[in-house]
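The primary structure of each chain is shown beneath.
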Amino acid sequence: MQGIIIATLVVAVIGLIIGIALVAAGKTFHVETDERVDRVRENLPGNNCGACGYAGCDAVADAIVRGEAPVDACPVNSQEAVKKISTVMGVKSVEIVKKVAFVRCAGDCDSTSEKCNYVGINDCRAAALAGISIWECDYGCYGFGSCVSVCDYDAIHVKNGVAIVDKEKCMGCGKCAAACPRKLIELIPEGKKVAVRCSNHDRGPDVKKVCSAGCIGCKVCMKQCEHEAIQVEGNLAHIDYEKCVGCEKCAEKCVAKIITEL
Amino acid sequence: MSRKTFWGGVHPNDQKEFSRDVPYQVYLPKGEMVFPLNQHIGKPAKPVVQKGDAVLAGQLIAEADGFVSANIVSSCSGTVKDIKPRRTVMGTMALSIIIDNDGQFTPVQGIGAKTDYTTLSGQEILARIKAAGIVGLGGAGFPTHVKLAPKNASEIKYVIANGAECEPYITCDDQLMRTYAEEIVTGLKIMLTLFPKAEGVILIEQNKPEAIEAMQKACSAKANVRVLAVPVKYPQGGERSIISVVAGRELKLGMLPADAGCVVDNVSTVRAVYRAVCESEPLMEKGFTVSGDAVAHPCNLMIRIGTSCRELVEEAAGGIKEGMEAKKVLCGGPMMGIAMAGLDVPVNKSNNALTVLGEDEVELAEPEMTSCLRCGRCNQVCPLGLTPQMMAVAAERKNYERYEKKLYGLECIACGSCTYICPAKRPLMQLFKQTKAEIMAAKRK
């Protein structure tokens, strides 16, 4: 009987000492956390894609709360979530324009041909180091899919030698645009109807020689546009999306058929 | 404190028999001449001529812009056709001065005026080298007047003329040493006047006995200059390998050759220094090899800088051998050279060879790649003592921090020894070049 009492007492005393130590440690080593971080974090997508430039969603949430990053720091966030983050932070909500990636090249295996036989790492950035293009066109898509390998949303794929974005899946994070050594990928505001699928700045006859799907800089689109939204600079059409209303007249008249629907 | 050889390295078939005994022929270009403004390391030069200007051979057409930059002189006479972007041998576009060659090569006044270098001060010598637009002709293209003016000039112990020429196929330096031995030795003596405590060393691989003999003959009467014949091993011509052999010490991370008391220059640069200082001739011509099993007449040429590669292969080297097809053209040799997609590019200051390969050799060199076998041969051959096997793993996983900080991957000189020795035929050098480019790009941001 006595043994049981002693044992119980010993355990109780040890428990008491450890309990006090734990409470003391808890008080001493307490770290002040901003509960806003958790609330901001709840309104981020949680993909940890890194497109914002921070290590992940936790890091960007922390940066938003500390005021280092704007409330719309996450490029793939929805308008609703940004609104909630703004409420948490007590600032005015920002209107965000969702963007989708678009590959400005239509030079697939049918419209252009291989200039040389490339042997080496199957990666656009490695191929770009060799200097000269593998395809006849010096501006076009390599088709090795560096963009595909960085996409976290399975939204870009190489089909017939040229990368194509699936706009339903694209979140507009812009990682593919950063990975492309040719800088072919442009982020276009969602909802816009037309885009130029070529990046070749050479003169028309030179473009014709290397690719059947290239912008020849004929300026027909420029003349069609009633809103001055399309300009031909350096033998290449360029659409100003602030002015474009999506009438698609340029696409209808495009000689080379490279102004296409998104 | 010299050593017999450096650590690591490989023994590729040197293939020099194609052109090694062909003496220099002077080749004067016929077509238009193109001078890219970025033929050197550092800031591109600034053009001083305009479209329509008449220029003479040896006339300054672009001047150095900033400290690390170099002048560019026209190597032909004619009129400036245009100044616009043109493709370079590296495949990139660069602003270039295009000159319509009149075929006369009328020189500017004063070229060939003899000067005794012993009457010149160090500053005057450097000024002449700078005005001549001399850069490292072995491949790096670092401006020579900057290299010859290190902060610790009085501590330099060795001035080394690099005649190793370890790259397969290339023989232009071999012929240069046989033909112009006196000029090279005098060039080295000129450089030695800038470094009071230094000794001149001419480093030659033992597979060039004629060049060694010629240089030894030229050195015999001169004090303070000697020839060092070293065993044949690639990459003996690399700066670090040379310093390891001559000075008996390794360059540590971030160290420059001058920190180890060495100045290393290619023999053709040394000869250019002689021509600039003693003959008042700016950098217009250089030795060049066109070789490979697919050219009709592999040869060593004394060419004008700015000549089109197409002209060199088709006119100077007699075109492609009958019944053969040029499968691959490399600018440089097979170890470090770059495959070219077109011949319509100009030769710049730091190019020294075109290698035209036919079917057989290309197929031998392009077998299928398999997974890493973990055999570790790449670790044994890396002349810098890096671990290419682990670097490749880090590079493939995009673990750039480990690549840079733990494995010192940025020190890679892209000599290609690891790729050469790899039994799994993995494209290691390309992977390292890509990773290095990506890390450097991220750093610049």
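The notes below deal with the structure included here.

Cut-offs used in this document
Residues numbered from 1 in each chain as written. Chains lettered and ligands numbered in written order. Predicted model: local features only at pLDDT ≥ 70, side-chain atom pairs only at ≥ 80, totals over all residues. Heavy atoms only, no water. Helix = DSSP H or I, 4+ residues; strand = E, 2+ residues; numbered from the N terminus. Rg over C-alpha atoms; globule rule 2.2 N^0.38 Å. Buried < 20%, exposed > 50% of the residue type's maximum accessible area, 1.4 Å probe, protein only. Contact = heavy atoms within 4.5 Å. Areas by Shrake-Rupley, 256 points an atom, 1.4 Å probe, with all protein chains shown as cover. Lys, Arg positive; Asp, Glu negative; His and termini not counted. Charge placed at Lys NZ, Arg CZ, Asp CG, Glu CD. Pairing = 2+ DSSP bridges. Salt bridge = Lys/Arg side-chain N within 4 Å of Asp/Glu carboxyl O. Core = buried A, V, L, I, M, F, W, Y, C linked by side-chain atoms within 4.5 Å. Buried area = accessible area lost by both parts, 1.4 Å probe. Polar contact = N/O pair within 3.5 Å; in protein donor to acceptor, adjacent residues only side chain to side chain.

### Things to note about the overall build of chain B
Looking only at helices and strands, chain B has 14 helices and 17 strands in total. Taken over the C-alpha trace, chain B has a radius of gyration of 21 Å; the compact-globule value for 445 residues is 22 Å, and the two agree within 12%. Taken across its 445 residues, chain B has 56% of its residues classed as buried. Contacts in chain B between residues far apart in sequence, at least 24 positions, make up 73% of those at least 6 positions apart. Total accessible area computed for chain B in this model is approximately 18,900 Å², and 53% of it derives from carbon and sulfur atoms. The distance from the centre of the 52 positive side-chain charges to the centre of the 48 negative ones in chain B is 8 Å.

### What to know about the sheet that holds strand β3 (residues 46-47) of chain B
The antiparallel open sheet is built from three strands, whose spatial order is β3-β5-β6 (chain B). Each edge of the open sheet carries a strand with a single partner, namely β3 and β6 (72-73) of chain B.

### A short note on the pattern of salt bridges
Pairing is possible between side chains that carry opposite charge, provided their charged atoms lie close to one another. The final tally for this structure, using the stated rule, is 39 salt bridges over all chains. Among the salt bridges present, the one from A:E35 reaches A:R39, with a minimum N-O distance of 3.1 Å. With A:E35 and A:R39 both in helix α2 (residues 35-42) and four residues apart, the pair spans about one turn of that helix. We classify A:R39 as partly exposed; its relative accessible area is 36%. Taking the shortest distance from any N to any O, the salt bridge between B:D65 and B:K43 comes out at 3.4 Å. Separated by 22 residues along the polypeptide, B:D65 in the loop between β5 (60-63) and β6 and B:K43 in the loop between β2 (33-36) and β3 bring together distant segments of the chain. Through salt bridges with shared partners, a single network forms among B:R20, B:D21, B:D174, B:R178 and B:E210.

### Observations regarding the nonpolar core
B:I202, B:M215 and B:V277 are the most contacted members of the largest nonpolar core, which has 52 residues in total. Elements with a minimum of two residues in this core: α1 (122-131), β9 (158-163), α3 (172-179), α4 (181-192), β10 (199-205), α5 (209-220), β11 (225-230) and α7 (267-278) of chain B. Looking at this core, the element that brings in the most residues is α7(B), giving eight residues. In this structure B:M215 touches B:M177, B:A181, B:I184, B:V185, B:I202, B:I204 and B:V227, once residues within four positions along its chain are discounted. A:L44, A:V103, A:A155 and A:C176 belong to the second largest nonpolar core, which has 38 residues in total.

### Focus on the interface of chain A and chain B
Opposite the 16 residues of chain A that make contact, chain B presents 17 residues. With both chains or domains summed, chain A and chain B bury close to 1,200 Å², and 61% of this area falls on carbon and sulfur atoms. Between A:D138 and B:R87 there is a salt bridge, with the nearest N and O atoms lying 2.3 Å from each other. Where chain A touches chain B, the interface holds five residue pairs in polar contact (both at pLDDT 80 or more).

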